[in-house]
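Read off the chains here:
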Amino acid sequence: GGLGIILLSLIVLPLLGVGGMQLYRAEVTGPSPDKLTPRMQDTALTLWRVYCLMTIVLTVLLYIAGMDWFDALNHSFSTVATGGFSTKNNSIAAYPQASIQWILIFFMFIAGINFSLHAQALRGVVKVYLRDRECRFYTVLLILGSAVIVAGLVEHGLFGMRSFSEFEAVTRAAVFQLVSVCTTTGFVSENFNLWPSITLVIILMFMLMGGCAGSTGGGVKVMRLVMLFRLAYLEIFRLLHPHSVRHLKIAGKSVPVEVISGVVGFFLLYLIVTTVGTIVLTVQDMDLVSAFTATLTCISNVGPGLGSVGPVDNFSHVPTLSKWVLTLCMLLGRLEIYAILVLFIPEFWRD
């Protein structure tokens, strides 16, 4: 999690030259990573300053809301890095205070946004959030997904809506779980394993999606999904207008063909790894729901899954071979798949 060892290396090794931008592109996935300053070292330093500022502010707010300094600092590290580890066995359920949970929701949400946008906003360009297509897509999807989960919880009688306090409680439960899963933080405040099927489908979809490019989150990344959706639309448009010439554009700029093919290849590899991992786990007598969600949550770097690896369970009972497979899935997901799979290509080892 965090802002990445790659960005840290850009500070420690300022003489990378072209290699610096290549490493930056590997960490900040998307069609055109934003260099905030002419020098890559300065860009990395700017992003780390934003990262540290968010950590300090969150620590102070959590302390004011009721945590002690130790828990506040550790949960700040885990939130801004979208890592998800808690100092409590019950995770955030150990802190039922609404103020603590809403503070964490907000910081998980902004940790899932491209950090270059935060850096520009701190310079006074606040409208950058509204102008960014990926940020808008990410925000709208979270609002819609939360609304569906709230409706599902109320419909099945798990929460009431008879007063403002009940409305706040169900909204907080839905938003917290969805934002936590989407940003791949992995905090839990409710056992969503017991929730209705429609809410679990929404949670799994957002677990696959992950955060924005240039954020600390894992998953496929919102930018890739935006590009895939637009690519699918263009293909449908070409069926209706076979002689038209249209290019896939993001933020008004045409996306190079090699970037598009890279995104399609990444998504295909993501699905293949998830499928293979699920098969291996089911061969070792795990039920299908547990096997699939365990693989998906590991490659997306989330944490909790469903079934026997749900939010109040852990992976201690998983067979040894399956643990090795899931370990590989975590590495593949965190290092964007290509960086690991290239090691198994014979051409990589040839002079």
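Above this note sits the structure.
One structure accompanies this document, and this report is about it. (Residues numbered from 1 in each chain as written. Predicted model: local features only at pLDDT ≥ 70, side-chain atom pairs only at ≥ 80, totals over all residues. Heavy atoms only, no water.)

**Things to note about the overall build of the protein**
Step number 1: Secondary structure summary: the protein contains 15 helices and two strands in total.
Step number 2: Here the protein, with 351 residues, has 49% of them falling under the buried criterion.
Step number 3: Of the contacts made within the protein by residues no fewer than 6 positions apart, 61% connect residues no fewer than 24 positions apart.
Step number 4: Accessible surface, the protein as shown: approximately 17,300 Å² in total, 69% of it carbon and sulfur. (Helix = DSSP H or I, 4+ residues; strand = E, 2+ residues; numbered from the N terminus. Buried < 20%, exposed > 50% of the residue type's maximum accessible area, 1.4 Å probe, protein only. Contact = heavy atoms within 4.5 Å. Areas by Shrake-Rupley, 256 points an atom, 1.4 Å probe, with all protein chains shown as cover.)

**Re the packing of aromatic side chains**
Here a ring pair, both rings aromatic, is described through the centre-centre distance and the interplanar angle of the planes.
Step number 1: Per the stated rule, a full pass over the model turns up nine aromatic pairs.
Step number 2: Measuring from centroid to centroid gives 5.1 Å for Phe109 and Tyr138, while their planes differ by 15°, and the two rings are stacked. Here the residue Phe109 occupies a position in helix α5 (residues 98-111), and Tyr138 occupies one in helix α8 (residues 133-155), the gap between them amounting to 29 residues.
Step number 3: By way of ring pairs, the aromatic residues Trp48, Tyr51 and Phe115 are connected into one cluster.
Step number 4: If you follow Arg224 out to its NZ or CZ, it ends over the ring of Phe266, 3.6 Å from the centre.
Step number 5: Positioned above the aromatic ring of Phe237, the side-chain terminus of Arg246 is 4.4 Å from the ring centre. (Phe/Tyr/Trp six-rings, centres within 6.5 Å; stacked < 30°, edge-to-face > 60°. Lys NZ or Arg CZ within 6 Å of the ring centre and 35° of its normal.)

**A look at the environment of Leu47**
Step number 1: By secondary structure assignment, the location of Leu47 is in helix α3 (residues 40-65).
Step number 2: When the C-alpha atoms of Leu47 and Phe115 are compared, they prove to be 6.5 Å apart, with 68 residues separating the residues in sequence.

**Observations concerning the side chain of Gln101**
Step number 1: On the secondary structure map, Gln101 appears in helix α5.
Step number 2: Apart from residues no more than four positions distant in its own chain, Gln101 is found in contact with Ile92, Tyr95, Pro96, Arg172, Phe176 and Ser189.

**Considerations on the pattern of salt bridges**
Step number 1: Tallying each qualifying case throughout the model produces four salt bridges.
Step number 2: Residues Lys88 and Asp71 are paired through a salt bridge, measuring 3.6 Å at the closest nitrogen-oxygen approach. Highlighted residues: Lys88 in the loop between α4 (69-80) and α5 and Asp71 in helix α4, separated in sequence by 17 residues.
Step number 3: Residue classification places Asp71 among the buried positions, given a relative accessible area of 6%.
Step number 4: Put simply, Arg238 and Glu235 hold a salt bridge, and the shortest N to O gap is 2.8 Å. Here Arg238 and its partner Glu235 are both found in helix α11 (residues 222-240), three residues apart, which amounts to about one turn of the helix.
Step number 5: A relative accessible area of 31% places Arg238 in the partly exposed class. (Salt bridge = Lys/Arg side-chain N within 4 Å of Asp/Glu carboxyl O.)

**Some words on helix α10 (residues 197-209)**
Step number 1: Taking 1.5 Å of rise per residue, 13 residues should cover 18 Å, and α10 covers 19 Å from first to last C-alpha, within 8% of that figure.
Step number 2: Listing the buried residues of α10 in full gives Thr199, Leu200, Ile202, Ile203, Leu204, Phe206, Met207 and Met209.
Step number 3: Taken together, the buried residues of α10 touch α8, α9 (164-182), α11 and α13 (288-299).
Step number 4: Backbone geometry just downstream of α10 places Gly210 in the positive-phi region, at approximately 75°. (Expected span 1.5 Å × (residues − 1).)

**Examining the side chain of Thr185**
Step number 1: Looking at the element boundaries, Thr185 is found in the loop between α9 and α10.
Step number 2: Thr185 sits in the buried class, given a relative accessible area of 0%.
Step number 3: Separated by 2.8 Å, the side chains of Thr185 and Thr183 make a polar contact.
Step number 4: The residues contacting Thr185, other than those within four sequence positions of it, are Ser78, Thr79, Thr82, Gly83, Gly84, Met108, Ser180 and Val302. (Polar contact = N/O pair within 3.5 Å; in protein donor to acceptor, adjacent residues only side chain to side chain.)

**Some details on the nonpolar core**
Step number 1: In this structure, Leu62, Ile149, Trp195 and Ile203 are the most contacted members of the largest nonpolar core, which totals 89 residues.
Step number 2: In contact with Ile203, not counting residues within four places along its chain, are Ile149, Leu178, Val181, Phe192 and Trp195. (Core = buried A, V, L, I, M, F, W, Y, C linked by side-chain atoms within 4.5 Å.)

**Digging into helix α6 (residues 115-122)**
Step number 1: Within α6, six of the eight residues are buried, leaving the element largely enclosed by the surrounding structure.
Step number 2: Turning to α6, its buried residues number three or more, namely Phe115, Ser116, Leu117, His118, Ala119 and Ala121.
Step number 3: Looking at the residues trailing α6, positive phi occurs at Gly124, about 105°.

**A word on the packing of α8 against α9**
Step number 1: Interaxial distance between α8 and α9 falls to 9 Å at its minimum, and their mutual angle equals 135°. Our classification of the angle between α8 and α9 gives oblique. Once α8 is placed against α9, the crossing between them reads as right-handed. Contacts between α8 and α9 pair Tyr138, Leu142, Gly145, Ser146, Ile149, Val150, Leu153 and Val154 from the former with Val170, Thr171, Ala174, Val175, Leu178, Val179 and Cys182 from the latter.
Step number 2: Of the residues assigned to the contact of α8 with α9, the class counts are 12 nonpolar, three polar and no charged. (Axes fitted to C-alpha atoms, helices over the stretch in contact; angles between N-to-C directions. Parallel < 35°, antiparallel > 145°, perpendicular 65-115°, else oblique. Left-handed = near helix turned anticlockwise from the far one by under 90°. Nonpolar A, V, L, I, M, F, W, Y, C, P; charged D, E, K, R; others polar.)

**A look at the packing of α10 against α13**
Step number 1: The geometry of α10 relative to α13 is characterised by a closest axis approach of 9 Å and an angle of 35° between their N-to-C directions. Handedness of the α10/α13 crossing: left-handed. Contact residues: α10 offers Leu204, Met207 and Leu208, while α13 offers Phe292, Thr293, Leu296 and Thr297.
Step number 2: Residues belonging to the contact of α10 with α13 are distributed by class as follows: five nonpolar, two polar and no charged.

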